[in-house]
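# Architecture and fold: a report
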Amino acid sequence: MPDPVVTLTTDFGRDSPYVGAVKGVILAINRLARLVDLSHEIPPQDLRYTSFFLRACLPFFSRETLHLIVVDPGVGTDRALLLVELECGKLLVPDNGCWTELASSTPAPPHVIQLTEPRYRRPTVSATFHGRDILAPAAGHLSQGLAADALGPPADSWVSLDLPHPRREPWGWVGEVVFVDHFGNLITNILAQDLAAHRECCFEIGTRSLSRVVRTYGEVPAGTAVALISSFGMLEIAVNQGNAAAQFQAGVGTPVIMRTARADVAGG
Amino acid sequence: MPDPVVTLTTDFGRDSPYVGAVKGVILAINRLARLVDLSHEIPPQDLRYTSFFLRACLPFFSRETLHLIVVDPGVGTDRALLLVELECGKLLVPDNGCWTELASSTPAPPHVIQLTEPRYRRPTVSATFHGRDILAPAAGHLSQGLAADALGPPADSWVSLDLPHPRREPWGWVGEVVFVDHFGNLITNILAQDLAAHRECCFEIGTRSLSRVVRTYGEVPAGTAVALISSFGMLEIAVNQGNAAAQFQAGVGTPVIMRTARADVAGG
Amino acid sequence: MPDPVVTLTTDFGRDSPYVGAVKGVILAINRLARLVDLSHEIPPQDLRYTSFFLRACLPFFSRETLHLIVVDPGVGTDRALLLVELECGKLLVPDNGCWTELASSTPAPPHVIQLTEPRYRRPTVSATFHGRDILAPAAGHLSQGLAADALGPPADSWVSLDLPHPRREPWGWVGEVVFVDHFGNLITNILAQDLAAHRECCFEIGTRSLSRVVRTYGEVPAGTAVALISSFGMLEIAVNQGNAAAQFQAGVGTPVIMRTARADVAGG
């Protein structure tokens, strides 16, 4: 595997020298590593956001990819650091549950390794920057062909986040906003198949309601609010060429209710 | 063409999982593609800004480059998706006019293709994310050497933006601010050659005026407002080590008037 | 040196077409150059910030790396442009002192060259964008193997910033905040060894005080303020899972006093 891709996802911020330090460590070990920035703007230490983010973009990558993820509120404590082998690549992550949603979409339990081998760390490991001192060197060595098992022993348990699940009711679903994108579109945790089964629905977002279901934004005039299936496969509330988060005064955690027209008759 | 460069320009926002999804799709097709981020901070769905942005940076690239551009307010409607072959590379773009200024600086009409071939799309095409499902796979396949014509039939017309042009008057020019850079410098649509012909000018920006023309910022003390020829080849209003946008309370669309001293005599 | 890494550090802003122009110029000369973004969010024209930034991340890179740095308030004046050879790579920089801290951490004086050779500039050099017209072509040619000496004559002097140094007092140290990271952690210019020698200290940040010294954030409950040794090797004031800059109303330049408990007896 020459010239392997190493993606980077951190909460360091776009102006941070920490990003550069991590890149330097990887490239000093393997200058042929192909670094690909995913985001350095994960909200600081927000594990739930990270879990959504990873589920939204990592599945498009291939198995040979390395993914370095540094969102690490527990840095320097005894939380483990992990290598997780998935269909979409090998994750290098703190054991804090930030890959919970990726894990739950995997059919078989993943192969997980604890990164304990000191040989593949920086000579001096700081107490506050394991991304640079442990995860980045592991990425550098793996990208050169080091076998995963050389990094430490298998792990048989790991942290999972307790994420909100939508609730089934006789008349529909109760979910919530789980992600607000850059356009202000509200992505919920209600799944596409639950929406698809009911073409006539009405939705409540906070104190506001909505009944227009479309396939894409451009089917309605600019400024019109609609419900649709997002490209993530979930119910999305959007405003064509506008900002639904602002219009509905909604954000992550805002309850979203979907009432299905046929529910009273057929029970769903 | 091994290891081709694929540049990315989007309005997805720096914290967006959409960027990562696009990168994953390209790299899963051709893991040797060299991804180069241009910007993911195009103001949402701002086609005029996109047009300026592309004209400002794409001409520096070479013909072998692929440029993926995803600013797409019409996603999911029947607007076409295009491959445009220019001197500065091949553009993969929605047909919304976002490359209008690049087009007008090209001597011959460009070769344009409609991306209709389903074989080079993702197996399932969403209604809201053609950047990921159509443009990104096209970039991946082209970067592997696929001939452009395999992607669809030639297009003989496309959308153009109706952009503001500066107006010639007997006493000078009436233009407007078309771009404000990160330093607050005001880039106008008045061309360098029109400024260069008249070393003594006076300028009106909104309700304020200015008469100092310089070659570069450092010729005047910090805080002084000047007019100069921007590196884009247009009239620029700047404040040395300051922020002209703030000082002049100006932004995109603010009128800028250039009065040339010799105009009354010689007519320009 | 095939496929060399060229890092980019600028104050152009994340939405800037200037970044794309620089990338285009480098890749048009050497399409195999591996571009690595460090930051495009250096605060505009902030040389002191740049100096800290470079010292914080460049030392992790290897000697073969090229580092293009465009923070250039003096663009177009007669300030020189330099190639600086360091252990961590070759810097291409305006001569404005932005690499002062890197220079002072180097044992021997670096080899420095003035970039005067017109052959390795763009055919037309603008007065306002030497990053694109002089530094970027130099990076492109160096990445193809051009010898550094071909770019111009050696320089034997260069600008240095006058940076604040911490002051030794009989009872401790008086320093200041030199960097605030994305998490709000306050990095000071008081060195790790001065803190390490005194496990019992008390600190004054502006009008507030603090006496808790820890090894890492997670040793205290969320919301607790602590002092620790940052991953940069300097005294850091932080709030576990909180924002110290907000809590202490502190920023770059805020005085930080460290009183060492044993100082009265032993003089430190």
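Everything in this summary refers to the structure shown in the same document. (Residues numbered from 1 in each chain as written. Chains lettered and ligands numbered in written order. Predicted model: local features only at pLDDT ≥ 70, side-chain atom pairs only at ≥ 80, totals over all residues. Heavy atoms only, no water.)

Our focus in this paragraph is the interface of chain A and chain C. Across the contact, 35 residues belong to chain A and 32 residues belong to chain C. The junction of chain A with chain C conceals about 2,800 Å² of combined surface from both sides, 59% of it contributed by carbon and sulfur atoms. Here chain A is connected to chain C by one salt bridge. Of the charged contacts in the structure, one is a salt bridge between E41 of chain C and R14 of chain A, with a shortest N-O distance of 3.4 Å. Linking chain A to chain C there are nine residue pairs in polar contact (both at pLDDT 80 or more). At the level of elements, α1 (17-29) and β2 (34-39) of chain A are the ones that each hand at least two residues to the side of chain A that touches chain C. Examining the composition of the side of chain A that touches chain C, we find that nine residues originate from one element, α1 of chain A, more than from any other. (Contact = heavy atoms within 4.5 Å. Buried area = accessible area lost by both parts, 1.4 Å probe. Salt bridge = Lys/Arg side-chain N within 4 Å of Asp/Glu carboxyl O. Polar contact = N/O pair within 3.5 Å; in protein donor to acceptor, adjacent residues only side chain to side chain. Helix = DSSP H or I, 4+ residues; strand = E, 2+ residues; numbered from the N terminus.)

Once that is clear, we can look at the environment of G152 of chain B. Topologically, G152 of chain B is positioned in the loop between α4 (130-143) and β7 (167-169). Every residue in contact with G152 of chain B, bar those within four places of it in the chain, is listed here: I113, Q114, T116 and E117 of chain B.

Inspection of the entire model under this criterion finds zero disulfides over all chains. C88 of chain A forms no disulfide, and the closest cysteine sulfur to it belongs to C57 of chain A, at a distance of 9.3 Å. The structure places no disulfide on C201 of chain B, whose sulfur is separated from the nearest cysteine sulfur, that of C202 of chain B, by 8.1 Å. (Disulfide = S-S within 2.5 Å.)

What follows is about the sheet that holds strand β6 (residues 111-114) of chain A. Residue and element names in this part refer to chain A. Ordered in space as β2-β1-β3-β5-β4-β6, the six strands form an open sheet in which the pairing is mixed. Each edge of the sheet is formed by a strand with only one pairing partner; in this case those strands are β2 and β6. Taken over all neighbouring pairs, the strand axes of this sheet differ in orientation by 20 degrees on average, direction set aside. Here strand β1 (residues 5-10) runs beside strand β3 (residues 66-70); their pairing, made up of five bridges, is parallel. (Pairing = 2+ DSSP bridges. Axes fitted to C-alpha atoms, helices over the stretch in contact; angles between N-to-C directions.)

In this section: the interface of chain B and chain C. Taken residue by residue, the interface counts 32 residues in chain B and 35 residues in chain C. Buried area between chain B and chain C, both sides added, is near 2,800 Å², and the carbon and sulfur share of it is 58%. Of all residues in chain B, the largest losses of buried area upon contact with chain C belong to F60, H182 and F183 of chain B, amounting jointly to 24% of the total for that side. At the junction of chain B with chain C, the criterion picks out one salt bridge. Counting residues per element, the ones that place at least two in the side of chain B that touches chain C are β2 (34-39), α2 (47-57) and β12 (225-229) of chain B. Of the residues in the side of chain B that touches chain C, the class split is 17 nonpolar, eight polar and seven charged. (Nonpolar A, V, L, I, M, F, W, Y, C, P; charged D, E, K, R; others polar.)

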